[in-house]
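Coordinate analysis (summary)
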Amino acid sequence: MPTLPELLSESKLDIQEISKYFNDLLSNAIQRVNTHFSPQRLSKRTRHVEPLPIDKRQLSSYRTRIGTMLEYALSTEMNAIVKEKYKGNYLLTFATAHEYPDFYFRDHTLTLLLRIEMKAVDAESDEQAARFSTPTLSIDANKDMLLLIGWEWRDLEQSGEIIGEFPYIFAGVILPAGEIAKERDVRLEITKGKIEGAKVLVYSEKKKEFVPDPGNYGKLWRIIHQSRLNAEDLSDTIRRFKNFLEEVDKHSPRNRLGDKNDRN
């Protein structure tokens with residue numbers, strides 16, 4: 001595989017090859033987070049002693065918080081690995097405003113090279129809140145990548161006794177964001193929706209007119225339309241995205257990818 005400097009020196013970036021490089025980087029970062037950061041910094045006592053929130057709003061809040069902490073930890077480890085390998089020639093920086101994307105990959109002069117958006121999915125979540133709804137026109141298909149992780153609570157043992165639990169990342173992948181957006185918009189077309197600028201519109205049979213999307217656009221388990229799950233023309237990127245969803249479902253109480261009620 002080409003080195004990162006070689007990949008970034010091309011006049012036209014090959015986002016597919018760059019994504020493959022960053023997947024290796026992500027795999028190493030996940031191992032570091034699961035081994036050190038998460039059990040040491042995000043651990044808690046067992047649920048009998050420190051129960052998790054059960055109110056829907058609190059559930060959403062704590063999952064967002066855990067996702068943010070994992071986002072911080074993963075990006076910090078990825079930045080450290082790149083720094084070690086390339087002696088500070090590259091930086092993975094946070095977005096300083098609440099905006100798309102979450103991270104900017106820069107050279108030592110802070111010149112923008114790549115952009116990364118991250119989504120963290122709790123395997124126990126039944127609300128399917130994770131979504132990639134960034135307007136298609138805001139995505140740079142040559143520079144943007146989507147980082148996805150699936151996490152669950154794992155027991156924390158000490159001297160053979162379970163003393164608590166911590167968030168453990170069991171799946172992770174980095175994909176070209178443009179291809180995910182393209183498949184997302186194929187689904188919208190199949191369901192007779194349309195895009196006008198940054199607006200996503202769906203047809204209301206009740207009102208007999210197009211209305212703003214009610215919030216389903218970009219939900220991870222809805223990006224691939226049910227009719228295309230086994231389509232022969234799925235790109236390698238979409239197949240890897242599907243594999244990620246299937247892996248999350250293996251750890252989930254429900255098979256969300258195969259649940260038609262969740263995908264209509």
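In what follows, the accompanying structure is described.

Cut-offs used in this document
For every chain, the first residue of its written sequence is number 1, and the numbers climb from 1 along that sequence. Confidence filtering applies because this is a predicted model: local features only for residues at pLDDT of at least 70, side-chain atom pairs given and counted only at 80 or more, and all residues used for totals across whole chains, interfaces and linings. To get the side-chain values, all heavy atoms of the structure are used, and hydrogens and water are removed first. Secondary structure counts use DSSP, requiring at least four H or I residues in a row for a helix and at least two E residues in a row for a strand, with both numbered from the N terminus. Each residue is placed in one exposure class: buried if its accessible area under a 1.4 Å probe, protein chains only, is under 20% of its type's maximum, exposed if it is over 50%, and partly exposed if it falls in between. Pairs of residues are marked as contacts when any of their non-hydrogen atoms sit within 4.5 Å. Strands are treated as partners if at least two bridges between them are detected by DSSP. Here a salt bridge means any side-chain nitrogen of Lys or Arg lying within 4 Å of a carboxyl oxygen belonging to Asp or Glu.

**Here's the deal with the environment of Leu146**
- Mapped onto the secondary structure, Leu146 falls in strand S5 (residues 144-158).
- Leu146 sits in the buried class, given a relative accessible area of 0%.
- For Leu146 and Arg228, which are 82 residues apart along the polypeptide, the C-alpha to C-alpha distance reads 21 Å.
- In contact with Leu146, other than residues within four places in its own chain, are Glu117, Lys119, Phe132, Val173, Ile174, Leu175, Ala177 and Ile180.

**Some remarks on the pairing of strand S6 (residues 161-176)**
- Here two bridges tie strand S1 (residues 44-45) to S6, and the two strands are oriented antiparallel to one another. Note on S6: the bridge partner recorded for Lys44 is Glu165.
- Sheet topology places S5 next to S6; 14 bridges connect them, and they run antiparallel. From the neighbouring strand, Ile149 faces S6, where its bridge partner is Gly172.

**Structural notes on the side chain of Ser252**
- Assignment of secondary structure puts Ser252 in the loop between helix H5 (236-250) and helix H6 (260-263).
- Classification of Ser252 as buried rests on a relative accessible area of 14%.

**Things to note about the pattern of salt bridges**
- In this structure the tally under the stated criterion is 17 salt bridges.
- With a closest N to O distance of 3.2 Å, Arg32 and Glu84 form a salt bridge. Remark: Glu84 occurs in helix H3 (residues 56-86) and Arg32 occurs in helix H2 (residues 15-41); sequence separation between them is 52 residues.
- A residue is classified by how much of its surface remains accessible, and Arg32, at 27% relative accessible area, is partly exposed.
- We classify Glu84 as exposed; its relative accessible area is 52%.
- Arg228 is paired through a salt bridge with Glu183; the nearest N and O atoms lie 2.7 Å apart. Placement of Arg228 in the loop between strand S9 (209-212) and H5 and of Glu183 in helix H4 (residues 177-190) is noted, with a sequence separation of 45 residues between them.
- Overall, Arg228 belongs to the buried group, its relative accessible area being 13%.
- Residue classification places Glu183 among the buried residues on the basis of a relative accessible area of 6%.
- Among the charged side chains, a network of salt bridges with common partners joins Lys44, Arg47, Glu124 and Glu165.

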